[in-house]
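Chains, contacts and geometry: an overview
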Amino acid sequence: MTLAYIPSPSTGVIHLGPIPLRGYAFCIIIGVFVAVWLGNKRWIARGGKPGTVADIAVWAVPFGLVGGRLYHVITDYQLYFGEGRDWVDAFKIWEGGLGIWGAVALGAVGAWIGCRLRGIPLPAWADALAPGIAIAQAFGRWGNWFNQELYGRATDLPWALKISEGPNRVAGTYHPTFLYESLWCLGVAALVIWADRRFRLGHGRAFALYVAAYCLGRGWIEYMRVDEAHHIFGVRLNVWTAIVVFIAAVVYFVLSAKLRPGREEVVEPDTSGGPGDVAAADKPEAGAADVKADAKPDLTKAAPEDEKGAEGAAKADLTKAADGAANGADKS
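A brief structural summary. Treat the numbers as computed from the prediction; the structure is a model and nothing was measured. (Residues numbered from 1 in each chain as written. Predicted model: local features only at pLDDT ≥ 70, side-chain atom pairs only at ≥ 80, totals over all residues. Heavy atoms only, no water.)

**With respect to the overall build of the protein chain**
What counts, and what does not: The helix and strand labels rest on DSSP assignments: H or I over at least four residues marks a helix, E over at least two residues marks a strand, and numbering proceeds from the N terminus. Each residue gets one of three labels from its accessible area relative to the maximum for its type: buried under 20%, exposed over 50%, partly exposed in between, using a 1.4 Å probe on protein chains only. Any two residues whose heavy atoms approach within 4.5 Å at even a single point are treated as in contact. Note that accessible areas follow from Shrake-Rupley with a 1.4 Å probe, and for residues the cover is restricted to the protein chains shown.
Within the protein chain, the regular secondary structure consists of ten helices and six strands. Out of the 332 residues in the protein chain, the part that is buried amounts to 36%. Across the protein chain, the fraction of contacts at a sequence separation of at least 24, relative to all contacts at a separation of at least 6, is 72%. Accessible surface computed for the protein chain: about 19600 Å², of which carbon and sulfur atoms make up 67%.

Next comes the structure, spelled out in structure tokens:
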């Protein structure tokens, strides 16, 4: 007998008049906003400009959603194209079904496009966003709670998740794998933030650390799940994916540390003006100084001539006065 358990919501959607408000969508939207907010703060701390993270996210997020859905539909095609299934359901993303592997892969393509347009390195942007992505995943997993999906094996532990009877599920209490992964992702975010501050990770290594750490948790959490999935040599497909991606992330981390140690000095170039404009702005009085320098030689040349003229005039006046005095003396 289960003495305590985590209840599941009776419905994953609330209707505001004719408009459906779905818990799954809300969790994803909240996660995206938190990821962009935190990524923006980290980007500015690295020397980037405010708003750059959001500008690139405009490319990355749609690509990520499409990639996540494609991965899910391809790896679980029997849910949409099997006997008695309706292929139109493949487009009903609000009913759940986003594969993080596809979301990150295709989202990276969108981010690359955005970075190219802004003239910034993709690895630096990925490093700034890495812990935010993990937190976004932590929020997103609660969407599975709203949809009563992706739970683990049956259990009577006090934190068991109670699932009600429904399509493709049997009522009972199960391991809340959505909660396990949500907490794991928060731990991954904290690890990346700490390691980045402690070791000043750069050139994509913070992102690689996030990927490797996430794969470690996803491996054992995936092993607990009981939802339908493809198996290779008796092991779930996503477990194999986690192993392969983990190895790739570790290899990248090691090679990057050897080939490009340290962190980027400049993550976003200043495109406000050319070198000439900057030089002029730094020396606003240069033009005035040149005018003064040009005028000075004329003044120095004019000075001696003025002095000679004044001296000659004075001598002429003295001569006239002397002659007048002499004439007066003769007459007297």
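**Here's the deal with the packing of helix H5 (residues 122-147) against helix H6 (residues 177-199)**
Which entries qualify depends on this criterion: All axes here are fitted lines through C-alpha atoms, helices being fitted over the stretch that makes contact, and every angle between N-to-C directions spans 0 to 180 degrees. Small angles under 35 degrees read as roughly parallel and large ones over 145 as roughly antiparallel, with 65 to 115 read as roughly perpendicular and the rest as oblique. Only Asp, Glu, Lys and Arg are considered charged, only Ala, Val, Leu, Ile, Met, Phe, Trp, Tyr, Cys and Pro nonpolar, and every remaining residue, Gly among them, polar.
At their nearest, the axes of H5 and H6 sit 8 Å apart, and the two run at 170° to each other. Here H6 runs roughly antiparallel to H5, going by the angle between their axes. Touching Ala-130, Pro-131, Ala-134, Ile-135, Gln-137, Ala-138, Arg-141, Trp-142, Asn-144 and Trp-145 of H5 are Phe-178, Leu-179, Glu-181, Ser-182, Cys-185, Leu-186, Val-188, Ala-189, Val-192 and Ile-193, all from H6. Taken together, the residues of the contact of H5 with H6 sort by class into 15 nonpolar, three polar and two charged.

**Details of H6**
Note on helix geometry: an α-helix contains 3.6 residues per turn, so any two residues three or four positions apart are oriented the same way. Note the threshold: The span one expects for a helix is its residue count, reduced by one, times 1.5 Å.
The end-to-end C-alpha separation of H6 is 32 Å, in line with the 33 Å expected for 23 residues at 1.5 Å each. All buried positions along H6 are accounted for by Thr-177, Phe-178, Leu-179, Tyr-180, Glu-181, Ser-182, Cys-185, Val-188, Ala-189, Val-192, Ala-195 and Asp-196. Arg-200, located one to two residues past H6, shows a positive phi value of around 50°.

**Topic: the side chain of Arg-69**
Considering the arrangement of structural elements, one finds Arg-69 in helix H2 (residues 52-75). With a relative accessible area of 8%, Arg-69 lands in the buried category. Apart from residues lying up to four places away in sequence, Arg-69 is in contact with Tyr-80, Asp-89, Ala-90, Phe-91, Lys-92, Ile-93, Gly-96, Gly-97 and Leu-98.

**Examining the pairing of strand E1 (residues 13-16)**
The test is simple: Strand pairing requires that DSSP identify at least two bridges connecting the strands.
One ladder, built from four bridges, connects E1 with strand E2 (residues 19-22); its direction is antiparallel. When the sheet's bridge partners are listed, Leu-16 is paired in E2 with Ile-19. The hairpin turn running from E1 into E2, its antiparallel successor, is two residues long, and Gly-17 in that turn takes a positive phi close to 70°.

**Focus on the packing of aromatic side chains**
The condition that has to hold: Between rings of Phe, Tyr and Trp, where Trp is taken as its six-membered ring, a pair exists when centres lie within 6.5 Å; planes separated by under 30 degrees are stacked, by over 60 edge-to-face, and by other angles tilted.
Applying the stated criterion across every chain, the model contains ten aromatic pairs. Seen in terms of ring centroids, Trp-142 and Phe-178 are 4.9 Å apart; in terms of plane orientation they differ by 80°. Their pairing is edge-to-face. Taken together, the residues span a long stretch of sequence, with Trp-142 in helix H5 and Phe-178 in helix H6 at a distance of 36 residues. A centroid spacing of 5.1 Å and a plane angle of 65° characterise the contact between Trp-145 and Phe-146, whose relative ring orientation is edge-to-face. Accessibility expressed as a relative area gives 18% for Trp-145, which makes it buried. Put simply, the rings of Trp-142, Trp-145, Phe-146 and Phe-178 touch in pairs and so form one group of aromatic residues.

**Digging into the nonpolar core**
Filter applied, for reference: What we call a nonpolar core is a set of buried Ala, Val, Leu, Ile, Met, Phe, Trp, Tyr and Cys residues that are connected through their side-chain atoms within 4.5 Å.
Of all hydrophobic cores here, the largest spans 24 residues; its most connected members are Trp-101, Val-188, Val-192, Tyr-210 and Tyr-214. Looking at this core, the elements that each hand over two or more residues are helix H4 (100-118), H5, H6, helix H7 (205-224) and helix H8 (237-259). Among the elements that make up this core, the one with the highest residue count is H7 (eight residues). In this structure, Tyr-210 is in contact with Val-104, Ala-130, Ile-133, Ala-134, Gln-137, Val-188 and Val-192, ignoring residues within four places of it in sequence. Judged by nonpolar contacts, the second largest core, of twelve residues, contains Ala-111, Ala-124, Ala-128 and Val-267.

**Some details on the pattern of salt bridges**
This is how it is decided: Every case where a carboxyl oxygen of Asp or Glu lies within 4 Å of a side-chain nitrogen of Lys or Arg is listed as a salt bridge.
Under the defined criterion, the tally for this structure stands at 14 salt bridges. Here Arg-46 makes a salt bridge to Glu-264, at a shortest N to O gap of 4.0 Å. Remark: Glu-264 occurs in the loop between H8 and helix H9 (275-282) and Arg-46 occurs in the loop between helix H1 (23-45) and H2; sequence separation between them is 218 residues. The two residues Arg-46 and Glu-264 agree in class, both being buried. Via salt bridges that share partners, Arg-141, Glu-181, Arg-218, Glu-222, Arg-225, Asp-227 and Arg-236 belong to a single interconnected network.

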